[in-house]
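# Structural features, examined
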Amino acid sequence: MRMLVKGAGVAGLTAAFELAVRGATVTVAETRHALGGNASWFAGGMLAPWCECESAEQPVLDLGRDAADWWDAVLPGQVTRAGTLVVAAPRDAGELDRFASRTSGHRRVDEDEIALLEPDLVGRFRRGLLFPDEAHLDPRQAMAALHDKLAAMGVEFRFGADARHISGFDRQIDCTGMAAEDDGLRGVRGEMLILRTPDISLSRPVRLLHPRFPLYVVPRTDHRFMVGATMIESQSTEPVTARSMMELLSAACALHPAFGEAEIVEAGVGVRPAFPDNLPRIETSGNTVAINGLYRHGFLLAPAMARQAAELFFNQDRTKELAHETDGQRRGA
């Protein structure tokens, strides 16, 4: 079976893998001239289904709880399984209790345990929540590694290509996000910073709760930290605004004042595709299946959505084969 995957973000790459391992001949078409630059490129890379349920529905947990295992199996060494630490300033203790009441899979930690988990946060927070089964990865490293693995598996990549002008495939999977022709989608703008400072070390993502601008800080290599992210109902891809820059930096400094002396390595914007219920969908139309609406859960939900889409295609073909076999048996009876 010859399959065309439209889009080389995390949804497209994971779909290509699930198709290829099932024996399909896969081509990935991407309008950009190289990997990156889409919403996936600016993601936090947190595989945090329990934390996300603070504001997400149960399907996010159901679909995302095996994401770390998927990424670990496909790309060994890319996943860090150190959990997620959630903290709040003493004056915002109510936010921590509210977060705990809306989530599961955590245990409460005190000031001493926070210091053991993250020595650089010693004395800064009295209470927190640890989600021990969560994980994280570097989205850019993971996408590059998955691209290389797919190429080694024989998947063809066509960058700078308009998939509307490509033909000769049995099936298509549309993973184009906001570029898809779907009136039900809306854009949710997320702004992020990458800061660099050798004065702080973190072993896991840390979420700082705040009534007005909560944030997360995700450690990466070379003393870099991804700080994000805003959620603005907008499809604008214009640069990070001054307001968002100030709020992100202020919140980062509230987590640790040394962030005030950090280098701003990058400021980026990604527009996440979302449906009204903020849940992903798989939709079919003829020989095309569309995966969309991953919202802020791209790396968390993409593996499960890719598996479902691939099974949809292959189960359809198996159903047709069984129907043909049954017809043949009837005629031979």
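That block above? That's the structure.
So, here's what we can say about the structure. (Residues numbered from 1 in each chain as written. Predicted model: local features only at pLDDT ≥ 70, side-chain atom pairs only at ≥ 80, totals over all residues. Heavy atoms only, no water.)

Moving on to the pattern of salt bridges. For the coordinates displayed, the defined rule picks out 24 salt bridges. For the salt bridge of R204 with E118, the shortest nitrogen-to-oxygen distance reads 2.8 Å. With R204 in the loop between β10 (186–196) and β11 (206–209) and E118 in the loop between α6 (111–117) and β6 (127–131), this pair connects stretches of sequence that are 86 residues apart. A residue is classified by how much of its surface remains accessible, and R204, at 10% relative accessible area, is buried. In this structure E118 comes out as buried when scored by relative accessible area, which is 0%. (Salt bridge = Lys/Arg side-chain N within 4 Å of Asp/Glu carboxyl O. Helix = DSSP H or I, 4+ residues; strand = E, 2+ residues; numbered from the N terminus. Buried < 20%, exposed > 50% of the residue type's maximum accessible area, 1.4 Å probe, protein only.)

A separate point is the side chain of T103. Here T103 lies in the loop between α5 (93–101) and β5 (107–110). Given a relative accessible area of 12%, T103 falls into the buried group. Of the polar contacts made by the side chain of T103, one reaches the backbone oxygen of F99; its length is 2.8 Å. Not counting residues within four places of it along the chain, the set of residues in contact with T103 comprises W50, C51, C53, E54 and F131. (Polar contact = N/O pair within 3.5 Å; in protein donor to acceptor, adjacent residues only side chain to side chain. Contact = heavy atoms within 4.5 Å.)

Turning next to the packing of helix α4 (residues 67–74) against helix α7 (residues 139–152). Where α4 contacts α7, the two axes come as close as 11 Å, and the packing angle between them is 50 degrees. As far as their axial angle goes, α7 and α4 are oblique. Two packed elements cross with a definite hand, and for α4 against α7 that hand is left-handed. Seen from α4, the contacting residues are W70, W71 and V74; seen from α7, they are A142, L146 and K149. Here the residues of the contact of α4 with α7 sort into 5 nonpolar, no polar and 1 charged. (Axes fitted to C-alpha atoms, helices over the stretch in contact; angles between N-to-C directions. Parallel < 35°, antiparallel > 145°, perpendicular 65-115°, else oblique. Left-handed = near helix turned anticlockwise from the far one by under 90°. Nonpolar A, V, L, I, M, F, W, Y, C, P; charged D, E, K, R; others polar.)

A separate point is the state of the cysteines. Summed over the entire model, instances satisfying the criterion amount to 0 disulfides. Here C53 is not cross-linked by a disulfide; its sulfur's nearest cysteine counterpart is in C51, at 9.5 Å. (Disulfide = S-S within 2.5 Å.)

The next point concerns the packing of aromatic side chains. A ring pair, where both rings are aromatic, is described by two values, the distance of the centres and the angle of the planes. For the coordinates displayed, the defined rule picks out 6 aromatic pairs. With a centroid separation of 5.8 Å and an interplanar angle of 10 degrees, the aromatic rings of F157 and F159 are classed as stacked. A centroid spacing of 5.4 Å and a plane angle of 90 degrees characterise the contact between F225 and F259, whose relative ring orientation is edge-to-face. Here the residue F225 occupies a position in strand β13 (residues 224–228), and F259 occupies one in the loop between α8 (242–255) and β15 (263–274), the gap between them amounting to 34 residues. Classification of F225 as buried rests on a relative accessible area of 3%. A residue is classified by how much of its surface remains accessible, and F259, at 3% relative accessible area, is buried. (Phe/Tyr/Trp six-rings, centres within 6.5 Å; stacked < 30°, edge-to-face > 60°.)

Here we come to the side chain of H136. If you trace the backbone, H136 turns up in strand β7 (residues 135–136). If sequence neighbours within four positions are ignored, H136 has contacts with G45, M46, L47, Q78, V79, T80, S203, R204, P205, V218 and P219.

Another aspect to go through is unusual backbone geometry. Although it is not a glycine, H223 adopts a positive phi angle of roughly 60 degrees. Positionally, H223 belongs in the loop between β12 (215–219) and β13. On the accessibility criterion, H223 (36% relative accessible area) is partly exposed. The phi angle at Y295 is positive, at roughly 55 degrees, despite the residue not being glycine. Its place among the elements puts Y295 in the loop between β17 (288–292) and α9 (298–332).

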